[in-house]
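One-letter residues, chain by chain:
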Amino acid sequence: GEGPKPDIGELAAIRFNSFAGENKIDDVFATPEPYYTRVGSGGLIKGVEEVLPKMRVGDRWILTIPGNLAFGAKGRPASAGKPRIPANCEIIFEVEMVGLPGKEPELIELIGDA
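Just so you know, these numbers come straight off a predicted model, no measurement behind them.

Undergrad: Even after reading the chapter, I still don't get the side chain of Glu49, so can you show me in this structure?
TA: Looking at the element boundaries, Glu49 is found in helix H1 (residues 46–51). Despite its burial, Glu49 remains without a salt bridge, the nearest opposite charge being carried by Lys46 at 11 Å. There is a polar contact of 3.3 Å between the side chain of Glu49 and the backbone nitrogen of Gly42. Leave out the neighbours within four places in its chain, and Glu49 touches Arg38, Val39, Gly40, Ser41, Gly42, Gly43 and Leu44.

Right under this line is the structure:
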């Protein structure tokens with residue numbers, strides 16, 4: 001992408017999907033709205049958190065995240081519509097940096113945050 005990179009603590013709009021082997025974990029590409037996260041907040045798995053500050057708006061990357069930077073030795077139990085993730089499971093994470101609401105002039109004008 002040619003857009004700006006996010007700063008730590010900045011709100012970022014991303015789209016992503018993720019897989020543990022053949023099991024789909026999430027698919028935000030299939031939703032009408034992007035996922036909003038604060039860069040560096042720890043809201044996503046560590047391997048993704050480390051990469052977001054390096055992405056520019058418009059970038060779409062496929063990441064192979066080793067288990068120790070994903071769900072670690074504990075894995076994750078199955079939950080509503082989400083598969084169980086085994087211990088130290090590698091995660092494939094496709095992520096697109098859609099926007100940075102704090103750096104988009106049209107949004108700043110719209111919400112009056114000047």
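Undergrad: Quick question: what am I supposed to make of the environment of Phe19 here?
TA: In this structure, Phe19 sits in strand E1 (residues 11–20). On a C-alpha basis, the gap between Phe19 and Glu90 in space is 8.7 Å, while along the polypeptide they are 71 residues apart. Once you skip the residues sitting within four places of it in the chain, Phe19 turns out to touch Lys24, Ile25, Glu90, Ile91 and Ile92.

Undergrad: Whenever I open this one, the confidence of the model for the protein chain confuses me. Can you help?
TA: Averaged over every residue, the pLDDT of the protein chain is 90; residues scoring 70 or more account for 90%. Per-residue pLDDT, averaged within each element of the protein chain, yields its smallest value for helix H2 (residues 105–111) (50) and its largest for strand E4 (residues 60–65) (98). Low pLDDT (under 50) marks residues 107–114, which in the prediction has 5 contacts with non-local residues, meaning those over four places away or in another chain.

Undergrad: I tried to follow the packing of aromatic side chains on my own but got confused; where do I start?
TA: Both the distance between ring centres and the angle between the ring planes are used here to describe each pair of aromatic rings. Under the defined criterion, the tally for this structure stands at 2 aromatic pairs. Note on Phe16 and Tyr35: the rings are 5.6 Å apart at their centroids and 85° apart in plane angle, and the pair reads as edge-to-face. Placement of Phe16 in strand E1 and of Tyr35 in strand E3 (residues 35–38) is noted, with a sequence separation of 19 residues between them. The class of Phe16 is buried, set by a relative accessible area of 4%. Judged by relative accessible area, which is 29%, Tyr35 ranks as partly exposed. Note on Phe16 and Phe93: the rings are 4.9 Å apart at their centroids and 20° apart in plane angle, and the pair reads as stacked. A residue pair is termed long-range when its members are at least 10 positions apart, and Phe16 in strand E1 and Phe93 in strand E5 (residues 91–99) qualify at 77 residues. The residues Phe16 and Phe93 share a single accessibility class, namely buried. Connected via pairs of aromatic rings, a cluster forms that spans Phe16, Tyr35 and Phe93. The lysine or arginine in question, Arg60, covers the ring of Phe29, its NZ or CZ lying 3.9 Å from the ring centre.

Undergrad: Quick question: what am I supposed to make of the pattern of salt bridges here?
TA: Any two side chains of opposite charge can pair, given that their charged atoms come close. Under the definition given, this model contains 4 salt bridges. For Lys24, the salt bridge is made with Asp27, and the minimal N-O distance between the two is 3.3 Å. For Lys24, a relative accessible area of 43% translates into the label partly exposed. The residue Asp26 makes a salt bridge to Lys82 at a minimum N-O spacing of 2.2 Å. Placement of the pair is Asp26 in strand E2 (residues 23–27) and Lys82 in the loop between E4 and E5, with a sequence separation of 56 residues. On the basis of relative accessible area, Lys82 is assigned to the partly exposed category, the value being 26%. Bridged by salt links that share partners, the residues Arg60, Glu94 and Glu96 form one connected network.

Conventions used here
- Residues numbered from 1 in each chain as written.
- Predicted model: local features only at pLDDT ≥ 70, side-chain atom pairs only at ≥ 80, totals over all residues.
- Heavy atoms only, no water.
- Helix = DSSP H or I, 4+ residues; strand = E, 2+ residues; numbered from the N terminus.
- Buried < 20%, exposed > 50% of the residue type's maximum accessible area, 1.4 Å probe, protein only.
- Lys, Arg positive; Asp, Glu negative; His and termini not counted.
- Salt bridge = Lys/Arg side-chain N within 4 Å of Asp/Glu carboxyl O.
- Polar contact = N/O pair within 3.5 Å; in protein donor to acceptor, adjacent residues only side chain to side chain.
- Contact = heavy atoms within 4.5 Å.
- pLDDT = per-residue confidence, 0-100.
- Phe/Tyr/Trp six-rings, centres within 6.5 Å; stacked < 30°, edge-to-face > 60°.
- Lys NZ or Arg CZ within 6 Å of the ring centre and 35° of its normal.

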